[in-house]
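# Observations on the three-dimensional arrangement
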2 protein chains.
Amino acid sequence: MLRETRHEKLLRLLREEGVLPVVEIARRLEVSEATARRDVSDLSGAGRLRRVYGGAIAREPVERPFAEEEVDDLPAKEAVAAGAAQLIRNGETVLLDIGTTTLQLARLLHGRKITVVTSSLAVYEELRADDEVSLVLLGGEVRRNYRSLVGQLTRAALREIYADRVFLGTSGVLADGRVLDTTEVEVPVKRAMLGSARQAVLLATPRKFPGTGSARVCQAEDIDMLITGQATDPATLATFREADVEVVQV
Amino acid sequence: MLRETRHEKLLRLLREEGVLPVVEIARRLEVSEATARRDVSDLSGAGRLRRVYGGAIAREPVERPFAEEEVDDLPAKEAVAAGAAQLIRNGETVLLDIGTTTLQLARLLHGRKITVVTSSLAVYEELRADDEVSLVLLGGEVRRNYRSLVGQLTRAALREIYADRVFLGTSGVLADGRVLDTTEVEVPVKRAMLGSARQAVLLATPRKFPGTGSARVCQAEDIDMLITGQATDPATLATFREADVEVVQV
DNA sequence: TCACACTCGCGCAAAGTCGCTCAGTCGCGC
DNA sequence: GCGCGACTGAGCGACTTTGCGCGAGTGTGA
């Protein structure tokens, strides 16, 4: 592996975990402890992380997508969520992915006579007090940073579910139609969601083009509808239209 | 554990508790008293806490987030829960049923290095802020008044799980050893739990003999251990002993 | 005041971690 | 093919942290 990408991977791990002992870093990067130490030392010298005896601590704030206090780019997300909410008819079962955009969508679903299935603990907390909405949680390991459920149990639960629509969030969409995510563990869950609904709707604000992300979730062909804003890169939208995706710009 | 993170954890504990004796700090941090003293001394030197003879006092304001909800017969439930907590070893996976007694048990599991699998949303809320405990939620429909997950999805999740012990609550136990519950929808989940653990432990305060309940969950033979109080009806206990159940009276 | 139990800080030995050196491996250009 | 530089993993001595024992210090109740 090229050193640079391993450095990036280490930083990503740290953003996800906050703190990691050197032994754990070595294990996760599949290198010797000596090398892990060298990497940590390099990045510490570059000021990208904080070195402590026995391990490393993230210098950049730990990724907390639901820092709740403020959602980045909120108006755009609300607009996309509103577009998505319009699609949903009474009596439907909808599958909601994790993320801030789908959380905005959940906020718009209060009082609707629908069934919401989700792996997002944030969505659960938003809707748990609402008697009208029937709420189903997928099982799985609790990921505290992301307030989500992941793992083998989540995928097993998805095999038992078939929803009318799934609303997927994303961290970035490339011009060739690839849909990305920043955290690898979420990818299998997102893929399983795609297979558990009649219609797949991707929610992506203009800033998500190209956005960020290192793991590929799926491509344009796997999506049925894309809901985005007016400012979204036209070339990418053309790619999606060619793949028979219905593009809605709110 | 890394020293820095242990320092943070100590400060968090202090914010939660206000005051803590050194012995208690050592126990909760799982280090020797000598080390706990050193940590307290470090942080006191840095002005992060106030040192007093025998312990430490938070300098930052104490968090008191939740008012404890009223639990009926609380002391008895706490005693039974304490007996159950003693059984659990580090590294174990435990399956927790819904109910107030198992919730008391969850309260005693803070800071333990274990995996807790549960269908109880109350247990999830109790443990979600605790980084030490690895938490797994079974999926299912959200039942708001019982703060639980039930249904086909919950049973499907249980088929994927095998725990070291399951801790079951109950609404009533009859003299012939039948274990009851008041709500029928929970029964299939409880039965599935019995099949998903090496050892089945029933938690039942003396008032649960005979208690209430119309639905039969299981019988004495299906249980491996019964944890109850001193005042429990001896005839019923005899039934359980005859069925090879280990009876613990706390 | 005094005895007693508890707590404190220090020295020590064991365990764990660090950074360094060194030899081996790999890719690359000549 | 062959040397070169970059990178890796193992070994080693130095350093840091940890738990325990000990003597001194501190709070409590008779």
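The rules behind the values
Residues numbered from 1 in each chain as written. Chains lettered and ligands numbered in written order. Predicted model: local features only at pLDDT ≥ 70, side-chain atom pairs only at ≥ 80, totals over all residues. Heavy atoms only, no water. Contact = heavy atoms within 4.5 Å. Buried area = accessible area lost by both parts, 1.4 Å probe. Helix = DSSP H or I, 4+ residues; strand = E, 2+ residues; numbered from the N terminus. Nonpolar A, V, L, I, M, F, W, Y, C, P; charged D, E, K, R; others polar. Near = heavy atom within 4 Å. Polar contact = N/O pair within 3.5 Å; in protein donor to acceptor, adjacent residues only side chain to side chain. Salt bridge = Lys/Arg side-chain N within 4 Å of Asp/Glu carboxyl O. Buried < 20%, exposed > 50% of the residue type's maximum accessible area, 1.4 Å probe, protein only. Core = buried A, V, L, I, M, F, W, Y, C linked by side-chain atoms within 4.5 Å.

As a further point, take the interface of chain A and chain B. With 36 residues of chain A at the contact, the number on the chain B side is 29 residues. For the pair chain A and chain B, the two sides together bury roughly 2,300 Å², of which 57% comes from carbon and sulfur. At the level of elements, strand S1 (19-21), strand S2 (49-52), strand S3 (55-58), helix H6 (121-127), strand S6 (134-137), strand S7 (140-143) and helix H7 (152-159) of chain A are the ones that each hand at least two residues to the side of chain A that touches chain B. For the side of chain A that touches chain B, the element with the highest residue contribution is H7(A), accounting for 5 residues. Tallied by class, the residues present in the side of chain A that touches chain B amount to 22 nonpolar, 5 polar and 9 charged.

On to the protein's contact with DNA strand D, then. Around DNA strand D, the surrounding shell holds 15 residues, and the nearest of these are Arg6(A), Thr35(A), Arg6(B), Thr35(B) and Arg38(B). Sugar plus phosphate: this is where 62% of the atoms of DNA strand D within 4 Å of the protein reside. Contacts to DNA strand D include Arg6(A), whose side-chain N or O atom sits 2.4 Å from a phosphate oxygen. Here a base nitrogen of DNA strand D sits 2.7 Å away from a polar atom, N or O, in the side chain of Tyr53(B). For the surface near DNA strand D, the elements supplying multiple residues, two or more each, are helix H1 (3-17) and helix H3 (33-45) of chain A together with helix H1 (3-17) and helix H3 (33-45) of chain B. Per-element tally for the surface near DNA strand D: the top contributor is H3(B), with 3 residues.

Our next topic: the protein's contact with DNA strand C. Residues in contact with DNA strand C amount to 15 residues; listed here are only the nearest, Arg37(A), Tyr53(A), Gly54(A), Arg37(B) and Gly54(B). Backbone atoms, meaning sugar and phosphate, make up 79% of the atoms of DNA strand C lying within 4 Å of the protein. Between a phosphate oxygen of DNA strand C and a main-chain N or O atom of Gly54(A), the distance comes to 2.8 Å. Between DNA strand C and Arg51(B) there is a distance of 2.9 Å, counted from a phosphate oxygen to a side-chain nitrogen or oxygen. Those elements that provide at least two residues to the surface near DNA strand C are H3 and S2 of chain A together with strand S2 (49-52) of chain B. Within the surface near DNA strand C, the residues separate by chemical class into 6 nonpolar, 4 polar and 5 charged.

Take the pattern of salt bridges next. All told, the structure shown has 42 salt bridges over all chains when counted by the stated rule. The closest approach of N and O atoms between Asp73(A) and Arg207(A), which form a salt bridge, is 3.6 Å. Of this pair, Asp73(A) sits in the loop between S3 and helix H4 (74-87) while Arg207(A) is found in the loop between strand S12 (197-203) and strand S13 (215-218), placing the two residues 134 residues apart along the sequence. With a relative accessible area of 55%, Arg207(A) lands in the exposed category. A salt bridge links Asp181(B) to Lys190(B); its shortest N-O distance comes to 3.0 Å. Lys190(B) sits in the buried class, given a relative accessible area of 2%. Connected through shared salt-bridge partners, Arg12(A), Glu16(A), Arg143(A), Glu184(A) and Glu186(A) make up one network.

Let us look at the nonpolar core. If you look at the biggest cluster of nonpolar residues, it comprises 58 residues, and the most contacted ones within it are Leu105(A), Val116(A), Phe167(A), Leu105(B), Val116(B) and Phe167(B). Leave out the neighbours within four places in its chain, and Val116(B) touches Val94(B), Leu96(B), Leu109(B), Val123(B), Leu127(B), Val133(B), Ser134(B), Leu135(B) and Val136(B).

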